[in-house]
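Observations on chain architecture
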Amino acid sequence: MKLRAAVFASGGGSNFQALLDHQTPGGSWEIVLLVTDRPDAGAVERARAAGVAVAVVSPVGRPADVAASELLRVLGSHRVEFILLAGYLKLVPPQVVERYRARILNIHPALLPKFGGKGMYGIHVHRAVLEAGETESGATVHFVDEEYDRGATLAQARVPVLEGDTPHALAARVLEVEHELYPAAVDRLCAAIAAGTLTTTQETR
Ligand code: GRF
């Protein structure tokens with residue numbers, strides 16, 4: 001039996017696509033649902049092209065617990081067993097974190113714990129890395145808890161910062177490794193779930 005995943009995305013969804021492309025008939029997991037807060041997100045098109053169900057759940061303009069209940073309901077109705085955040089710009093409600101404890105991953109475009117937290121998303125991350133004079137950056141896959149970018153690290157990949165780098169050039173270099181790192185980390189998560197050895201202890205490679 002494959003483990004059933006939902007991907008949460010707010011943007012273009014290139015990581016979502018990399019996860020879709022990694023799926024094989026004999027694989028240990030499958031994406032059964034895309035959750036987005038933005039009906040115009042590029043990820044929605046990708047889901048439709050791949051025949052993956054889409055749920056648009058926007059927390060804007062209504063009580064947080066109502067949006068959280070809707071998320072839990074839609075995840076339950078698709079029998080989702082774990083969640084992959086891929087460019088999802090909203091905080092996951094605590095009720096969802098609680099229900100899916102140690103079953104939610106995120107990918108962040110920097111070497112956490114550096115350059116994470118509120119406001120550190122997209123191009124802001126790469127700009128901050130360059131401004132700090134770092135000689136390397138990379139991507140981190142980590143477990144999600146109640147705070148932005150704070151859960152235990154599952155996997156990291158590094159890239160060099162090059163002479164004359166712009167934030168966009170660095171972002172492109174990091175994104176390329178994200179597309180390899182994330183599916184591989186999901187394979188590891190699912191192997192650990194299947195073997196009953198899942199922990200959220202720091203396990204950086
Ligand atoms: C990626 O850089 C990811 O690390 C971050 O948001 C970006 C999403 O890009 N969390 P995409 O929508 O997957 O192309």
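Scroll up for the structure.
Residues numbered from 1 in each chain as written. Predicted model: local features only at pLDDT ≥ 70, side-chain atom pairs only at ≥ 80, totals over all residues. Heavy atoms only, no water.

Of all eight residues in strand β7 (residues 153-160), six are buried; the element is thus mostly enclosed. Relative to β7, strand β6 (residues 136-143) runs antiparallel, the two being bridged by seven bridges. Counterpart to V141 in the pairing with β7 is A155. (Buried < 20%, exposed > 50% of the residue type's maximum accessible area, 1.4 Å probe, protein only. Helix = DSSP H or I, 4+ residues; strand = E, 2+ residues; numbered from the N terminus. Pairing = 2+ DSSP bridges.)

This part takes up the pattern of salt bridges. Where charged atoms from two side chains of opposite charge come close, those side chains can pair. If you walk through the whole model with that rule in mind, you get eight salt bridges. Note that R38 and D40 form a salt bridge whose closest N and O atoms lie 3.3 Å from each other. Look at R38 and you get partly exposed, because its relative accessible area is 37%. Overall, the relative accessible area of 57% leaves D40 in the exposed class. Measuring nitrogen to oxygen at the nearest pair gives 2.8 Å for the salt bridge that ties R173 to D165. (Salt bridge = Lys/Arg side-chain N within 4 Å of Asp/Glu carboxyl O.)

The side chains of a regular strand alternate, first on one face of the sheet and then on the other. With seven of its eight residues buried, β6 lies for the most part within the structure. Relative to β6, strand β5 (residues 104-108) is paired through four bridges, and the arrangement is antiparallel. Residue pairing for β6: I107 is matched across the bridge by V141.

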